Amino acid sequence: MGNKQTIFTDEQLDAYQDCTFFTRKEILRLHGRYHELAPHLVPMDYTNEPDCKLPLALIVDMPELKENPFRNRIVESFSEDGMGNLSFNEFVDMFSVLSETAPRELKAIYAFKIYDFNVDNYLCKEDLEKTLNRLTKEELTPEEVDLVCEKTIDEADLDGDNKLSYSDFENMISRAPDFLSTFHIRI
Amino acid sequence: MQLTHHTPALQDTRTHLHVLFLWQRTYLDEAPACDAEDAAAVRSIKACSSIRLQLTSPLDAAGSLCEGIQDHERKMPRDSLIPSENDTDIELDFAGEDDFQEAHERKKHRGQRRDTDREKKRRKNSRRKEASSSADREKELQPRHKKTERSRRRSAKNEQETKRSKRDEEGRGQTTRRKTAKTKKNIKNEKTKKTDDEMEGEAGERNEKGKKKHGSAKKGERKEGGSEHVAKEKTQVKKKKKRHKKVVETSSDQETSEEGDDEENANEDEEVRPESLSPEELEKLKEAVDEKKKLIQSLRGKPWLMKKKLVTLRESQEFVEKYEGALGKGKGRKLYAYKVMMTKRWMKFQRDFENFKTACIPWEMKIKEIESHFGSSVASYFIFLRWMYGINMILFGLTFGLVMVPEALMGRPYGTIPRKTVPRAEEASAMDFAVLWDFKGYAQYSVLFYGYYNNQRAVGWLKFRMPLSYFLVGVGTVAYSYMVVIRTMARNANESGIGDDNSFNFSWKTFTSWDYLIGNPETADNKFASITTSFKEAILEEQESRKDDNIHLTRFLRVLANFLVLCCLAGSGYLIYFVVRRSQKFTLDGLENHTWWERNEVNMVMSLLGMFCPMLFDVISTLENYHPRVALQWQLGRIFALFLGNLYTFIIALMDEINLKREEEKIVKFNITTWEASLYNGTVSGNFTAPPVTIHPADVPRGPCWETMVGQEFVRLIISDTMTTYITLLIGDFLRAVLVRFLNYCWCWDLEAGFPSYSEFDVSGNVLGLIFNQGMIWMGAFYAPCLPALNVLRLHVSMYLQCWAVMCCNVPQERVFKASGSNNFYMAMLLVILFLSTLPAIYTIVTIPPSFDCGPFSGKNRMFDVIQETLESDFPAWFSKVFSYASNPGLVLPFILLMVLAIYYLQSTSKSYKQANVELKKKLQMQNEENKKKNKRAALKAQLDLEEARKEASQAGELQKNNNASIQSQEADEENHSRNPRIYHGRNGRGPPPFTDREPSTRGPVSRNYHHGNLSTPRYLPGFSQQSDPTTYRASNLQNP
């Protein structure tokens, strides 16, 4: 009990619980994980909200993300600067969105961000190619990738601009049967 | 002095009028002028009014003065901190100035603004007053004094910003100074003041408070409301502005500044006493607070950065904290505050409870580990197992708490009556392990089984209605299970959405095929491979170049496979029936004469069949050459059929046995009566007066008690099933893994990659096993209350065992299938099994009369008679009457009919909704297509226009060139000719904007060539998607001719 008090104040924990889908225990565990990543950088005492960020390379090395082909994108899209440096707040945010209880809409927003490699708010062919190549470890031939990209855009693009806007993406993902079960990371 | 005594009221009202006029003038004339000035003017008026009030009643005046000061303080929080020396300075300053001002005020005034008649009159009045009384003069002086101030200030308008604070100070200085001055006068004039005047002032004061917030929206009222009203309004507006500015400075983004604004509004509201707020304002405030609360609630779902969320949260919480108290008024306020407090506590409690609940969910980390190693499909089995464990915990709680414990604690102890005693014949071996293992001996005569329970209506000091409780728990178990399963199914159906249509095949594959849970390199590799294959398959399907080789052979093989499977099913069914029959023969012979195998034949055969038949099916299904997903479904269906067949054969055999037992029971019953008769005859003949002979309960002959027998069968079945599962796990998975691992060093081929390899975790088979196990629990729980407890134990152990086995000896599946769709599939299976397993249980309860000498319902004709009995003896007479009326077929049948009709109606409406849904979907799709087409057309048109323009430009260029280089007429004709088709080639042109004359000499002929080529090749039609930049065509055409 005493250990808990030194990491966060009760107000902080309450605030985190209001802002995320985690319970008290999970937030403390998350802090533990965050601390584990860089014990010399991350303080154990978070009551005065220290300003401390961990670089992408450290976070991507977590076992939860290590095998994920989109790990860099995930971390980048949750970082404030877009470069993948995560403060503890953003770290919590990331796992909150990826938690089981987060609603589909929220997940869809971040999934879109993750798949939007060039951060232009559209999923264009270039993004899709990158996605596919990561998904298949580049084992599809360029023609096949091309075909799949074309088919994907053809299926989901509603406004005919040859790229997927967020509304296109949401419309498509909201009907996907697998999205909720696969787009989550248990921490 | 005397004059004042005579006409104080008149003079006062006059002053008041002056003030009013003055204000109106200033306001109307100077409306566009700066707020600060007006405010300053008006403030002094207000001060004046407050003084007047003070004259009449010191208390009120003090209050209003305080408010006036508060007002200033509110406006200038920083200024209020300035020590009072400042104020006194100004006071002195003004004291000196007073006379001077009085003398020069008019002149200045005249010089600076046009005088109206009204003002002249006023001045006359003031002059008259000056003459009449010193007190009045001083009073009148104030507006003028203020005016001078204003006019002075007017000249220095551009310095407003810096001077504002000073002005405020001055204003306050005035007020305070006047207050001190007036206190003396107060003593003089006190009695002379009119009461209505006072009333007016007060009313104005109150009014203005109420209207503060609405500020500029109530201009109309302002005129009537009196000068003070406006004064405050003005200050309010200013205050608001100032604060707003402050907030904007501090917080950068839109959201928070809005909030800040809100906060300001409410801030003012709160500082005004809440009870003085008008209902609309309260409503508004309440809305604001509710909005904040809602924001707090929905914050976690907002896609903002965490930092922003935290800031917003803090601000909203502060807001709610502050202004929640202001809501509610008068009597209701306390209640409201209490309510707010309670809701806060309730929220806190809820959160703590939520935390506690999640902390109670077991095996979270274990499942997470498995998830990361094997992906979501394997984990789904363990989640299902955990869910099942939860249900069984509740069933166990029900039976344990309401049936077993009361009977054990409050019922008659062991050995008091025959049904609770081991018969004399079995006593010798009752404690042997072999006997106990079969759930005989002491185990049979314990709370674990139906037969032990007494038919005593009420047990213990609680007068616990044991038989009723037994019956209701049995019914409740089934009802609860139905409820849970159906609810879960409905939720799953909601969650899984409507994703049946195939319209997003590729998109879904692209965006949702990666399982974010995977954290194991091996699994990740498998996943990559399976995604790649699925893409390749999809591409193949898309191209429809999939050719079926020798369809006849495939068909034949499939028919053959199905035939073989049917043979297997029939064979296993017959085998079970045969074995059960044989075991009956053994039981009649007496079990002691037979071997262990013969005694446990039924269960062993069933378990072995359940183990080996699926393997057989797996082998057979390789014949069929189905797509793996389809094959999986077939496999599941077959295993389901096998289990179901086995279970039902078993039940049918059991029914036979029940009938046998009942015949036996009849004989026993007859024997007992004769035995009793002989017993009594014996005693009667011996001695008359002696009490009835006490016979040890163990010696009393008893019936076979078929209920206990059924319970025992099920318990044995569960036990053997569990054992087989565990042993299979140990041998099939663990031993195999050990062998493969260690023999691999000295074997001639690679065992790990080759034939035996490591086993994969069979999700579907395990889920099916779990489901059937649960079915047996449901079936047997009525006759053996210990079954849920046993099942909890089993699930608990298998959770750990299987987790361990999966992690240590299984490898990730090579082909990973979708897990989500099957979720409800398994639930549906569970529902079917639940129905099928409750069917025989209910049948036996309803149709077969209970044994005469064992169990809670002994002596009754049917088990459910216990309800009737309770109604008759425990409820008032009218209740049972009502119940009997209600249960008469004349009422029940229409009711059932009504329900059926309702179901039919709902069914048909849901069908029509579904149809409408499909229709809408179609429409949406059509619209999408239309949109696409429209967009394409628009793009086409734009390109066409562009092309046209370009064409014209190039033509112009050509013309110019023609002029320059005098081209032949034939070419010119050609050019004209090619203009028309060009309209249709419009899509080509996202080219450069219309040409200027810069490069006519090269472009002209080139474009002509291009069109020439197009004419001969009609391939590039408008709808054709293949487009490219015109320049490339031009380039190629340049080379071609």
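Keep in mind the model is a prediction, meaning the values are calculated, not measured. (Residues numbered from 1 in each chain as written. Chains lettered and ligands numbered in written order. Predicted model: local features only at pLDDT ≥ 70, side-chain atom pairs only at ≥ 80, totals over all residues. Heavy atoms only, no water.)

### Details of the confidence of the model for chain B
Residue and element names in this part refer to chain B. Mean pLDDT for chain B: 69, with 60% of residues reaching 70 or above. Mean pLDDT in chain B bottoms out at helix α36 (residues 1030-1039), which sits at 38, and peaks at helix α28 (residues 787-809), which reaches 92. Low pLDDT, under 50, characterises residues 1-15; the predicted model gives this stretch 21 contacts beyond four residues in sequence or across chains. (pLDDT = per-residue confidence, 0-100. Helix = DSSP H or I, 4+ residues; strand = E, 2+ residues; numbered from the N terminus. Contact = heavy atoms within 4.5 Å.)

### Looking at the pattern of salt bridges
Residues and elements named next belong to chain B. Applying the stated criterion to the full structure yields 22 salt bridges over all chains. Asp352 serves as the salt-bridge partner of Lys348, at 3.9 Å between the closest nitrogen and oxygen. With Lys348 and Asp352 both in helix α16 (residues 331-360) and four residues apart, this pair spans about one turn of that helix. Under the relative-accessibility criterion, Lys348 is labelled partly exposed at 45%. Note on Asp352: relative accessible area 38%, which makes it partly exposed. Its salt-bridge partner being Glu364, residue Arg386 comes within 2.9 Å of it at the nearest N-O pair. Assessed through its relative accessible area of 16%, Arg386 is described here as buried. Counted as one network, the salt bridges with shared partners bring together Arg457, Arg465, Lys860, Glu869 and Asp874. (Salt bridge = Lys/Arg side-chain N within 4 Å of Asp/Glu carboxyl O. Buried < 20%, exposed > 50% of the residue type's maximum accessible area, 1.4 Å probe, protein only.)

### A short note on the UniProt feature "domain: EF-hand" (unreviewed entry) in chain A
Residues and elements named next belong to chain A. Under the local residue numbering, the UniProt record ascribes the feature "domain: EF-hand" (unreviewed entry) to residues 103-138 and 144-179. Structurally, residues 103-138 is divided into 64% helix and 0% strand, and its ends, taken at the C-alpha atoms, are 32 Å apart. Between the end C-alpha atoms of residues 144-179 the distance is 24 Å, and the span holds 61% helix and 0% strand. (UniProt positions renumbered as here; feature names shortened; annotations may be inferred.)

### Quick look at the packing of helix α22 (residues 551-589) of chain B against helix α24 (residues 601-624) of chain B
Between two packed helices, both the angle of their axes relative to each other and the distance between the axes serve to describe the pair. All names here are of chain B. α24 packs onto α22 with a crossing angle of 175° between their chain directions and a minimal axis gap of 10 Å. Between α22 and α24, the crossing angle belongs to the class labelled roughly antiparallel. Classifying every residue of the contact of α22 with α24 by side-chain character gives 20 nonpolar, four polar and four charged. (Axes fitted to C-alpha atoms, helices over the stretch in contact; angles between N-to-C directions. Parallel < 35°, antiparallel > 145°, perpendicular 65-115°, else oblique. Nonpolar A, V, L, I, M, F, W, Y, C, P; charged D, E, K, R; others polar.)

### Considerations on unusual backbone geometry
The backbone of A:Glu138 shows a phi angle near 60°, a positive value even though the residue is not glycine. Looking at where A:Glu138 falls in the secondary structure, it is placed in the loop between α9 (125-135) and α10 (142-156). Given the relative accessible area of 60%, A:Glu138 is considered exposed. Phi is positive for B:Phe439, close to 60°, though the residue is something other than glycine. Residue position: B:Phe439 is located in the loop between α18 (433-437) and β1 (458-459).

### Description of the side chain of B:Thr722
All names here are of chain B. As for its position among the elements, Thr722 is in helix α26 (residues 706-743). A relative accessible area of 8% means that Thr722 is categorised as buried. A polar contact is formed between the side chain of Thr722 and the side chain of Arg794, at a distance of 3.1 Å. (Polar contact = N/O pair within 3.5 Å; in protein donor to acceptor, adjacent residues only side chain to side chain.)

### Topic: the packing of aromatic side chains
Residues and elements named next belong to chain A. Counted according to the given criterion, the structure contains 50 aromatic pairs over all chains. On the numbers, 5.8 Å between centres and 45° between planes, the contact of Phe8 with Tyr46 is tilted. Of the two residues, Phe8 sits in the loop between α1 (2-7) and α2 (10-19) while Tyr46 sits in the loop between α3 (24-37) and β1 (53-54), which places them 38 residues apart along the sequence. Judged by its relative accessible area of 1%, Phe8 falls in the buried class. (Phe/Tyr/Trp six-rings, centres within 6.5 Å; stacked < 30°, edge-to-face > 60°.)

### Let's talk about the nonpolar core
Buried together is how nonpolar side chains tend to be arranged in soluble globular proteins. Counting residues in each nonpolar core, the largest one holds 101 residues, and the members touching the most others are B:Phe382, B:Val715 and B:Met863. Ranked by size, the runner-up nonpolar core spans 82 residues in total, among them A:Tyr46, A:Leu54, A:Val92 and B:Phe511. (Core = buried A, V, L, I, M, F, W, Y, C linked by side-chain atoms within 4.5 Å.)

### Focus on the state of the cysteines
By definition, a disulfide is the covalent link that joins the sulfur atoms of two cysteine residues. Residue and element names in this part refer to chain B. Within this structure, the stated rule accounts for one disulfide over all chains. At a sulfur-sulfur separation of 1.8 Å, the disulfide partner of Cys705 is Cys854. With the S-S bond torsion at 95°, the cross-link from Cys705 to Cys854 turns out right-handed. Within this pair, whereas Cys705 is found in the loop between α25 (628-686) and α26, its partner Cys854 is found in the loop between α29 (820-847) and α30 (865-874), the two being separated by 149 residues in sequence. Take Cys705: its relative accessible area is 8%, and that puts it in the buried class. Judged by relative accessible area, which is 5%, Cys854 ranks as buried. (Disulfide = S-S within 2.5 Å.)

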